[in-house]
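# Fold and contact review
Given next are the chains, with one letter for each unit.
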Amino acid sequence: MMRKLTALFLLAAALVVLCSCSREDPDSRVVRIGCFPNVTHVQALVARNMSRHGQGWFERYLPGYSLEWYTYNAGPTAMEALFGKTADLTYVGPSPAINAFAISGGREVRLLAGAVNGGAALLVAPGSGISKPADFRGRTIATPQLGNTQDVSCRAWLARNGLPTTLEGAGACRVAPTPNAMQLQLMKQGDIDACWTVEPWVSRLEKNAGATLLVQEPDVVTTVLAARTGWLRHHPEQARLVIQAHRELTQWIIDHPEEAQRRVVEELTELTQAPMDPALVATAWKRLKLTDEIDLPGLEQFVQDAHSCGLLDFVPDVGKMIYQDEPKP
């Protein structure tokens, strides 16, 4: 049993208890899918855009089912939606999914597929004088949300370089969970010295704040497709079709980058209610590696990093997170 729960998942832990009392509708023909307004959720953004235009990608694989799309700002919030049964599937970073898997005793979350590797980076503000790890001592680094994938990567990197942090914000330097949309203004104001985030926010900070890339993560697992086990249990055939649809959508995006980028630009503009620069998305695109494969060694590294940062009190067997598709004979 875990010795303690971090503040990050106190609400999520309560939802685990609540959802055990919630009624599951095994006959529901509505599939609820979550995503973030990030370029690293490219499959979701393209599919959501197709749905809005009556050209639904997942819909063609799921005849008789309708889809509802939901948007979250970061992974912990998406995991709360799975726990609370307000979402069935979600694109999410690996670290929140691992935390949710651990907190639920391995009962509530499974991974269906990989989605994107890369597209995350640590940037430093212009004039900050930061060029090496030691320069972060006494400085403030923004991450999207406490416990999200970039937050864990940031804390683990700092610790490996002799700069441990605490969840309460103390330590050799301060890690300040900050929504992606706020990071640009805070950096311009001088309120943060650096930021560990994902695309398109990486390219946005480079272009509009003059930030400099210090650390890139070209191969790290950035986005996966996760599902709640209750939905999988009642819809095994639909789960198989969702995995197939995701796999073929990933290949379609690889084969049609220009149309995919156009749809991503349109969807990000819709979700953020602010114009998204196509050139910014094109720049971000070069840092992404689309995949449908689940990188188990990469997930195991996240477990170790989260444990070393104090976000996990034990190391779960993440191999058991991977959904075992058993097609009908």
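Residues numbered from 1 in each chain as written. Predicted model: local features only at pLDDT ≥ 70, side-chain atom pairs only at ≥ 80, totals over all residues. Heavy atoms only, no water.

### What about the packing of helix H2 (residues 42-52) against helix H11 (residues 257-272)?
Here H2 crosses H11 at 80°, and the two axes come no closer than 8 Å. By the angle between their directions, the pair H2 and H11 is classed as roughly perpendicular. For the pair formed by H2 and H11, the contact residues are Val42, Leu45, Val46, Arg48, Asn49, Met50 and Arg52 on the first element and Ala260, Arg263, Val264, Glu266, Glu267, Leu268, Glu270 and Leu271 on the second. For the contact of H2 with H11, the class distribution of residues is eight nonpolar, one polar and six charged. (Axes fitted to C-alpha atoms, helices over the stretch in contact; angles between N-to-C directions. Helix = DSSP H or I, 4+ residues; strand = E, 2+ residues; numbered from the N terminus. Parallel < 35°, antiparallel > 145°, perpendicular 65-115°, else oblique. Contact = heavy atoms within 4.5 Å. Nonpolar A, V, L, I, M, F, W, Y, C, P; charged D, E, K, R; others polar.)

### A few points about the side chain of Gln150
On the secondary structure map, Gln150 appears in helix H6 (residues 149-160). With residues up to four places along the chain from it excluded, the contact list for Gln150 reads Ala120, Thr143, Pro144, Trp196, Thr197, Val198 and Thr222.

### Thoughts on the environment of Gln185
Looking at the secondary structure, you find Gln185 in helix H7 (residues 180-189). On the basis of relative accessible area, Gln185 is assigned to the partly exposed category, the value being 45%. Counting along the chain gives 20 residues from Gln185 to Leu205, while the straight-line C-alpha distance between them is 9.5 Å. (Buried < 20%, exposed > 50% of the residue type's maximum accessible area, 1.4 Å probe, protein only.)

### Here's the deal with H7
For the α-helix, the turn length of 3.6 residues means that residues three or four positions removed from each other point alike. Considered for burial, the residues of H7 that qualify are Asn180, Gln183, Leu184, Leu186 and Met187. Against strand E5 (120-124), strand E6 (140-143), strand E8 (194-198) and helix H8 (201-209) lie the buried residues of H7. Remark: Gly190 follows H7 within two positions and exhibits a positive phi of approximately 80°.

### Some thoughts on the sheet that holds strand E4 (residues 109-118)
Taken in spatial order, the six strands line up as E2-E1-E3-E10-E4-E11 in an open sheet, and their pairing is mixed. For this open sheet the edge positions go to strand E2 (66-71) and strand E11 (288-290), each flanked by a neighbour on one side alone. In this sheet, neighbouring strand axes are inclined to one another by 25° on average, regardless of whether the strands run parallel or antiparallel. The sheet contacts of helix H4 (residues 75-83) involve strand E3 (89-92), E4 and strand E10 (221-228), and relative to E3 the element is tilted by about 165°. (Pairing = 2+ DSSP bridges.)

### Some details on the nonpolar core
Val46, Phe58, Leu89, Leu112, Ile253 and Val264 are the most contacted members of the largest nonpolar core, which has 46 residues in total. Sorting elements by how many residues they give to this core places helix H10 (residues 236-255) first, with eight residues. Ignoring sequence-local partners within four residues, the contact set of Ile253 consists of Val42, Gln43, Val46, Ala260, Trp285 and Leu290. In terms of nonpolar packing, the next biggest core, distinct from the first, is built from 31 residues, Ile98, Phe101, Ala156 and Val318 among them. (Core = buried A, V, L, I, M, F, W, Y, C linked by side-chain atoms within 4.5 Å.)

### Topic: the pattern of salt bridges
Counted according to the given criterion, the structure contains 18 salt bridges. Between Arg155 and Asp151 there is a salt bridge, with the nearest N and O atoms lying 2.8 Å from each other. Taken together, the residues span about one helical turn, with Arg155 and Asp151 both in helix H6 at a distance of four residues. Here Arg155 and Asp151 have matching classes, each one buried. Overlapping salt bridges, with partners in common, bring together Arg48, Arg52, Glu259, Arg262, Arg263, Glu266, Glu267 and Glu270 in one network. (Salt bridge = Lys/Arg side-chain N within 4 Å of Asp/Glu carboxyl O.)

### Describing the state of the cysteines
Within the structure shown, the criterion is met by zero disulfides. Free of any disulfide, Cys195 has its nearest cysteine sulfur in Cys154, 8.8 Å distant. Judged by relative accessible area, which is 0%, Cys195 ranks as buried. (Disulfide = S-S within 2.5 Å.)

### Considering the confidence of the model for the protein chain
Averaged over every residue, the pLDDT of the protein chain is 88; the share at 70 or more is 90%. Considering only residues more than four positions removed or in separate chains, one finds that residues 1-21, a stretch of pLDDT under 50, has 36 contacts. (pLDDT = per-residue confidence, 0-100.)

### What to know about the sheet that holds E8
With mixed pairing, the five strands of this open sheet are ordered in space as E7-E6-E8-E5-E9. Each edge of the open sheet is held by one strand with a lone partner, namely strand E7 (174-177) and strand E9 (212-217). Averaged over all pairs of adjacent strands, the angle between strand axes in this sheet comes to 20°, irrespective of strand direction. Examined bridge by bridge, E6 and E8 share two bridges and lie parallel to one another. The partner of Ala142 across the bridge, within E8, is Cys195. Where H6 meets the sheet, its contacts fall on E5, E6, E7, E8 and E9, and the angle it forms with E8 comes to roughly 135°. Across the sheet, H7 is in contact with E5, E6 and E8; its angle to E8 comes to roughly 155°.

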